[in-house]
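Descriptive analysis of the structure
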Amino acid sequence: MTHRATAETGGPDDGTGPGDGSAGGRAPVRRPAPETSRTGLSTAEVAERVARGEVNDVPVRSSRSTAEIVRANVLTRFNAIIGVLFAIILVIGPIQDGLFGFVIVANTGIGIVQELRAKKTLDRLAVIGEARPTVRRDGAAVEIPTGEVVLDDVIEVGSGDKIIVDGEALEADGLEIDESLLTGEADPVLKKPGDPVMSGSFVVAGSGAFTATKVGREAYAARLAEEASRFTLVHSELRTGISRILKYVTWMMVPTALGLILSHLLTLRLPIDEAIRRMVAGIVPMIPEGLVLLTSVAFAIGVIRLGRKQCLVQELPAIEGLARVDVVCLDKTGTLTEGGMDVRELRPLPGTEEAHVRRVLAALAAGDPRPNASLQAIVDAFPATDTAWRTAAFLPFSSARKYSGGVLTAPDGAPATWLLGAPDVLLPSGDRHLAEIDALNAQGLRVLLLAATDRDLEDPEVARQVRPTALVVLEQRLRPDAADTLRYFADQGVQAKVISGDNAVSVGAVAATLGLPGADAPVDARELPADPAAMATALDSGSVFGRVTPGQKRDMVTALQSGGHNVAMTGDGVNDVLALKDADIGVAMGAGSEATRAVAQIVLLDNSFATLPSVVAEGRRVIGNITRVATLFLTKTVYSVLLAILVACWQIPYPYLPRHLTLLSTLTIGVPAFFLALAPNSERARPHFVRRVMRYAIPSGLITGTAAFATYLLARSYYTGPDALPAETSAATLTLFLAALWVLAIIARPYTWWRVALVLVMALGFLVVLVTPWLQRFFDLRLVGTAMPWAAVAVAAVAAVLLEVTWRWVGRRFPA
């Protein structure tokens, strides 16, 4: 008969199921807590503290405030520069030369609206995924939001819970707390009543309660927790690369502006208003103003899309980071398998009565007030109906030990010490029972050993020389979406490594069922070398690793990173916390422990492993598309700088007015970039963003700018008279538009119907301007004659050929 159980939360893979990450060594024993009058605060006492402001009011926000969003989008360096230039144009006119100012206003508005939408999504998801601590109020244990905890509250904690405020331990039943995220100390600390507990640490074993002594911003880790939970657009290669580009552009703008204004005023003797207009026309296109906007919009829309799939992105660059990942480490339980388990079979070993084993298992499992998935399955299969059996002491489960235990008092009053855990940990190598256990593990089943021992439960050697009594065979439930998800990673070139605390053969059997390559050669982590370089080599050649301790998980992540890999770690138990923190991207399940959700950058609120490909795809869409559109924007920057330099060297008027370049930027960059930035893109993210963009932008800008300037020189020699400049400008504008349109056509590849339509619509838009009389007057564009316009087209055609040849050469000479 199969008995069903559902885990309260997921957890690590090990011999006894999900639990924590405490260290080995002397085993802390939890004894039944005495009756206590510590009933917590009354409603009146809570009200008094709220009135005094003694509340845990740290604003744990998932996003920036509305004011911060508006400020970040409006008060930028380039908005300030463009604002000044726009104000100058408004003074000297005409208004059509100030169109770039209205474009910036529209862009800023779009950025604010999209980020506010992302904020709304994140805030909603943060409330869903928020931890709700259990506190004692009026003698009853109740769950409340973190922000409603007050000073002197009595807070109950158990394995996997995060300590949310500073306090003093009130009750401690084998309570082990990991403070490594605060102190760097690797080993968990066994807490006793009266010991301090610090916010930011988390429980790895046992249970207890503590009194809140510092709340809100006074708590030790409050500021760190608040900062880590904020929505941010920084600390990513994409953002850093764009900032570096903008810094270079700023350096070029000032000397270029001075050179243009002095050349037009002193050498060409143009009127001051005309000189300023030409200077503004030379400066404005140098600014890739829409690039920052589109990056923000692409990230914000990514957050919204993932939010609809119940995926909380706690740090925005995590979308980008996961797209760069090439190795994903998976914790089996809660990821490949569901948290719940079923007792499939009980096998008493020779010389043991099944009825006696059932009573022992029932009493042992009932001794843990917070059973993990394995113990919960045993509780459901063997309910404790015999009240004559009592638990005199209990040893909490530990991922490092891989067993739990208890001292049970039988009806006759005789005490006996029992252990329940991983057979290959409790039994010596070569034991005759291991062959039978290996056969069960090879079927993907989890096997626990119930054993008796004559040693004291507190003896560090309690697991040695035990007497095996029975095998408990557990059946794990595979996630229905796990196989498709692993197949997706394989297709995308992302290596999947299953890192589990469970028996390696059992893990390999589960992974093989799901079709993971390399699952037929599982590795026992106890045999891995300690040297990081040697470990990295072993990790590269293997796919499934069993009997991994919490410390090893962290070491394995570090070893993979030392080999040049970008590593993502998934998990839901507290034994995954350190590895999640050290990985490039940590992914936690929403039903996992509070500690894992606190340190992860991404939380899958619906606990669906199948959501992970969506996150990867979203990141790849953002990075791939921003790289595309960045090439468009920076091509414009390069040809603008080149034209300014050539004009200054030739001592001739700048060929364009601001309205011309606003029109060209809108049709060849602004509108198409918006669509391209949001298009599907499954290309794997690559490093060196700036180098990858500039390798195409520089030659494209040089070819486009040279072609436009060549047409301008031809037109100056062709047209004569005092009114020749508008005709010359129109011819040069035609060449510049066609060359820039060809750059757009290259970047839009591979072609789909809508990409082709996008390029054709932009070309049609420019044609409409050329043939519509009032638009001709508005933009001061009118092609004169037929010879020079066709010459402009011919120059653009040569530029298009050069662009094609150059892009192919760059792709071969400087591969990404």
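About the cut-offs
- Residues numbered from 1 in each chain as written.
- Predicted model: local features only at pLDDT ≥ 70, side-chain atom pairs only at ≥ 80, totals over all residues.
- Heavy atoms only, no water.
- Helix = DSSP H or I, 4+ residues; strand = E, 2+ residues; numbered from the N terminus.
- Buried < 20%, exposed > 50% of the residue type's maximum accessible area, 1.4 Å probe, protein only.
- Contact = heavy atoms within 4.5 Å.
- Areas by Shrake-Rupley, 256 points an atom, 1.4 Å probe, with all protein chains shown as cover.
- Polar contact = N/O pair within 3.5 Å; in protein donor to acceptor, adjacent residues only side chain to side chain.
- Pairing = 2+ DSSP bridges.
- Axes fitted to C-alpha atoms, helices over the stretch in contact; angles between N-to-C directions.
- Expected span 1.5 Å × (residues − 1).
- Phe/Tyr/Trp six-rings, centres within 6.5 Å; stacked < 30°, edge-to-face > 60°.
- Patch = residues over 30% accessible without salt bridge, like charges linked within 9 Å, V, L, I, M, F, W, Y side chains within 5 Å.
- Salt bridge = Lys/Arg side-chain N within 4 Å of Asp/Glu carboxyl O.
- Parallel < 35°, antiparallel > 145°, perpendicular 65-115°, else oblique.
- Left-handed = near helix turned anticlockwise from the far one by under 90°.
- Nonpolar A, V, L, I, M, F, W, Y, C, P; charged D, E, K, R; others polar.
- pLDDT = per-residue confidence, 0-100.
- Core = buried A, V, L, I, M, F, W, Y, C linked by side-chain atoms within 4.5 Å.

**Topic: the overall build of the protein**
Helix and strand content of the protein: 27 helices and 22 strands. When burial is assessed residue by residue, the protein has 59% of its 816 residues classed as buried. For the protein, contacts bridging at least 24 residues in sequence account for 75% of all contacts bridging at least 6. A total of about 31900 Å² of accessible surface is found on the protein, and carbon and sulfur atoms cover 59% of it.

**Notes on the environment of D540**
By secondary structure assignment, the location of D540 is in helix α17 (residues 532-541). In the structure, D540 is positioned 20 residues away from L560 in sequence and 7.9 Å away in space, judged by C-alpha atoms. Sequence-distant contacts of D540, defined by excluding residues within four places in its chain, comprise Q495, K497, L560 and H565. There is a polar contact of 3.0 Å between the side chain of D540 and the side chain of H565.

**Points about the sheet that holds strand β10 (residues 327-330)**
Ordered by their spatial adjacency, eight strands build an open sheet running β9-β22-β21-β20-β10-β17-β19-β18, and the pairing between neighbours is mixed. Each of the sheet's edge strands pairs with one partner strand only, and the pair in question is β9 (311-313) and β18 (523-524). Sheet strands touched by helix α16 (residues 504-513): β17 (495-499), β18 and β19 (544-546). Its angle to β19, the strand with the most contacts, is close to 150°.

**A short note on unusual backbone geometry**
A cis amide bond links R749 with the next residue in sequence, P750, at an omega value of 0°. One can find P750 in the loop between α24 (724-747) and α25 (753-771).

**Structural notes on α24**
Here α24 is 24 residues long and its end C-alpha atoms lie 35 Å apart, about the 34 Å a rise of 1.5 Å per residue gives. When you tally the buried positions in α24, you get 20 out of 24 residues, the bulk of the element.

**Observations regarding the packing of aromatic side chains**
This structure, assessed with the given rule, holds ten aromatic pairs. When the centroid spacing of 6.1 Å and the interplanar angle of 75° are considered together, the rings of Y654 and Y656 count as edge-to-face. The class of Y656 is buried, set by a relative accessible area of 1%. A network of ring pairs unites the aromatic residues W650, F709 and Y712 as a single cluster.

**Quick word on a nonpolar patch on the surface**
A contiguous nonpolar patch, built from V254, L258, L262 and L266 and spanning about 390 Å² of accessible area, is present on the exposed surface. Mapped onto the fold, L258 is located in helix α7 (residues 237-267). For L258, a relative accessible area of 47% corresponds to the partly exposed category.

**What about the packing of α24 against helix α27 (residues 787-813)?**
For the pair α24 and α27, interaxial distance at closest approach is 8 Å and the crossing angle is 30°. Compared by their axis directions, α24 and α27 come out roughly parallel. For the pair α24 and α27, the sense of crossing is right-handed. From α24, A731, L734, T735, L738, A739, W742, V743, I746 and I747 reach across to α27, where they touch M788, P789, A792, V793, V795, A796, A799, A800, L803, E804 and W807. Class assignment of the residues belonging to the contact of α24 with α27 gives a composition of 18 nonpolar, one polar and one charged.

**Focus on the pairing of strand β15 (residues 446-453)**
The element β15 is extensively covered by neighbouring structure, given that eight of its eight residues are classed as buried. Across the two faces of β15 the burial is the same, with R446, L448, L450 and A452 and V447, L449, A451 and T453 all buried. When strand β14 (residues 415-421) meets β15, the two strands line up antiparallel, connected through five bridges. Paired with W418 across the strands is A452, a residue of β15. As paired strands, β15 and strand β16 (residues 467-478) are joined by seven bridges and run antiparallel to one another. The residue bridging L449 from the neighbouring strand is L471, located in β16.

**Some details on the pattern of salt bridges**
Inspection of every chain in the model, using the stated rule, returns 22 salt bridges. E618 is the salt-bridge partner of R305, the closest N and O atoms lying 3.4 Å from each other. Taken as a pair, R305 in helix α9 (residues 289-307) and E618 in helix α21 (residues 612-650) lie far apart in primary sequence, 313 residues in all. We classify R305 as partly exposed; its relative accessible area is 30%.

**Quick look at the confidence of the model for the protein**
Looking at the protein as a whole, the pLDDT averages 80, with 88% of positions reaching at least 70. Taking the mean pLDDT of every element in the protein, the minimum, 40, falls on strand β1 (residues 3-4) and the maximum, 95, on α25. Contacts for the low-pLDDT stretch residues 1-37, under 50 throughout, to residues beyond four places or in other chains number 164 contacts. Within the model, the stretch residues 224-235 combines pLDDT values under 50 with 30 contacts to residues more than four positions away or in other chains.

**Regarding the nonpolar core**
Where a protein is soluble and globular, its nonpolar side chains tend to be buried together. Counting residues in hydrophobic clusters, the biggest one holds 130 residues, and the most contacted among them are L322, I602, I626, V629, F689 and F766. With 17 residues, α21 is the single largest residue contributor to this core. Contacts of I602, omitting those with residues within four sequence positions, involve C311, L312, A318, L322, I585, G586, V587, A588 and V615. Residues A365, A373, A381 and W418 belong to the second largest nonpolar core, which totals 28 residues.

**A look at helix α18 (residues 550-562)**
The end-to-end C-alpha distance of α18, which contains 13 residues, comes to 19 Å, matching closely the 18 Å that a straight helix rising 1.5 Å per residue would cover. For α18, the set of buried residues is P550, Q552, K553, M556, V557, A559 and L560. Of the surrounding elements, those touching the buried residues of α18 are β10, β17, α17, β19, β20 (567-571) and α19 (577-582). Following α18 by one or two positions, G564 has its phi on the positive side, about 90°.

**Here we look at the side chain of Q601**
Here Q601 shows up in the loop between α20 (594-599) and β22 (602-604). Within polar-contact distance, the side chain of Q601 engages the backbone nitrogen of G586 at 2.5 Å.

**Details of the environment of N625**
Mapped onto the fold, N625 is located in helix α21. Here the alpha-carbon distance between N625 and A679, two residues 54 residues apart in the chain, equals 7.3 Å. In this structure N625 touches R620, L676, A677, L678, A679, P680 and N681, once residues within four positions along its chain are discounted. A polar side-chain atom of N625 sits 3.2 Å from the main-chain carbonyl oxygen of L676. Polar contacts involving the side chain of N625 include one to the main-chain carbonyl oxygen of A679, which spans 2.6 Å.

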